[in-house]
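So you can see what is in the structure, the chains are spelled out below.
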Amino acid sequence: MQRRYRSLAIKILIAMGIDAVLFLGFILWWQPSIDESTIELLLLTAIFVINIGLAVAFKYTIRSWYFTLVLNSIIAVLIFHIILIGWYAYQDSGMVKMIFSGNEKHYELVLDKKDTSYSFYEKYSDGSLNRFMSGQYKISNDTVYLTDPVNQMMVYKDTLIGFEKKKIVLKEE
């Protein structure tokens, strides 16, 4: 009996190792940000479906892997969900967010400290975000200059200047 559990543990480690290499490779290649969190749903669903599909296929060929892959499909999804939460926290730590409202809409300005890029998002009532503008920013004294090929704006102290030709007061999150 003990030999059977050891064999099961080794098989689960092999299956998790394969899943982990593919999962982490994809995450490092894609580098999803929090606004692309739907990738988590798609990726975790794909991992679950592939593992269950392999389990069903192996049920009739290599029976000893059936239970391992069923168990792995559940364990992998839970572990990778926890890893993605950590990834989003890491991605979010290098960001400065500013939220403002204008024309009865809510917006979020995100400055990425890692590469001096910025993104503008429209924030919907359900909490989802839609990026509609991005570019580079530069900080000089207490002013942040935002530029993209079409627009030039600046954040001076707590005021966004140049967005929709208005001055809008921001609150930093």
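Scroll up to find the structure.
Figured I'd write up the structure that's included with this text.

About the cut-offs
Residues numbered from 1 in each chain as written. Predicted model: local features only at pLDDT ≥ 70, side-chain atom pairs only at ≥ 80, totals over all residues. Heavy atoms only, no water. Helix = DSSP H or I, 4+ residues; strand = E, 2+ residues; numbered from the N terminus. Rg over C-alpha atoms; globule rule 2.2 N^0.38 Å. Buried < 20%, exposed > 50% of the residue type's maximum accessible area, 1.4 Å probe, protein only. Contact = heavy atoms within 4.5 Å. Areas by Shrake-Rupley, 256 points an atom, 1.4 Å probe, with all protein chains shown as cover. Lys, Arg positive; Asp, Glu negative; His and termini not counted. Charge placed at Lys NZ, Arg CZ, Asp CG, Glu CD. Patch = residues over 30% accessible without salt bridge, like charges linked within 9 Å, V, L, I, M, F, W, Y side chains within 5 Å. Salt bridge = Lys/Arg side-chain N within 4 Å of Asp/Glu carboxyl O. Core = buried A, V, L, I, M, F, W, Y, C linked by side-chain atoms within 4.5 Å.

### As for the overall build of the chain
- Across its full length, the chain carries three helices and nine strands.
- The linear arrangement of helices and strands in the chain, starting from the amino end, is α-α-α-β-β-β-β-β-β-β-β-β.
- Relative to the globule expectation of 16 Å for 173 residues, the C-alpha radius of gyration of the chain, 23 Å, shows a markedly less compact shape.
- Along the three orthogonal principal directions, the C-alpha set of the chain runs to about 70 × 30 × 25 Å.
- Taken over 173 residues, the chain has a buried fraction of 34%.
- Across the chain, the fraction of contacts at a sequence separation of at least 24, relative to all contacts at a separation of at least 6, is 40%.
- Within the structure as shown, the chain displays about 11,400 Å² of accessible surface, and the carbon and sulfur contribution to it stands at 62%.
- The distance from the centre of the 18 positive side-chain charges to the centre of the 17 negative ones in the chain is 11 Å.

### With respect to a nonpolar patch on the surface
- On the surface, a nonpolar cluster with roughly 390 Å² of combined accessible area is contributed by Ile10, Ile14, Ile18 and Leu22.
- You can see Ile14 is positioned in helix α1 (residues 2–30).
- Given the relative accessible area of 42%, Ile14 is considered partly exposed.

### Notes on the side chain of Glu122
- Looking at where Glu122 falls in the secondary structure, it is placed in strand β3 (residues 117–123).
- When its relative accessible area of 17% is taken as the criterion, Glu122 is described as buried.
- When near neighbours in sequence (up to four residues on either side) are disregarded, Glu122 contacts Lys105, His106, Tyr107, Ser128, Leu129, Asn130 and Phe132.

### Describing the nonpolar core
- Leu111, Tyr118, Phe120 and Leu146 are the most contacted members of the largest nonpolar core, which has 16 residues in total.
- Looking at this core, the elements with two or more residues in it are β1 (95–102), β2 (105–112), β3, β4 (129–140), β5 (143–147), β6 (152–156) and β7 (159–163).
- Among all residues touching Leu146, those that are not within four sequence positions of it are Leu109, Leu111, Tyr118, Phe120, Gln136, Tyr137, Asn151, Gln152, Met153, Val155 and Leu160.
- Among the nonpolar cores identified, the runner-up in size contains 14 residues, and Phe23, Ile39, Leu44 and Ala76 belong to it.

### Some words on unusual backbone geometry
- At Thr116, a residue that is not glycine, the phi angle is positive and equals roughly 55°.
- With respect to the secondary-structure elements, Thr116 resides in the loop between β2 and β3.
- Residue Asn141 is not a glycine yet carries a positive backbone phi of 55°.
- Residue placement: Asn141 occurs in the loop between β4 and β5.
- Owing to a relative accessible area of 79%, Asn141 belongs among the exposed residues under this scheme.

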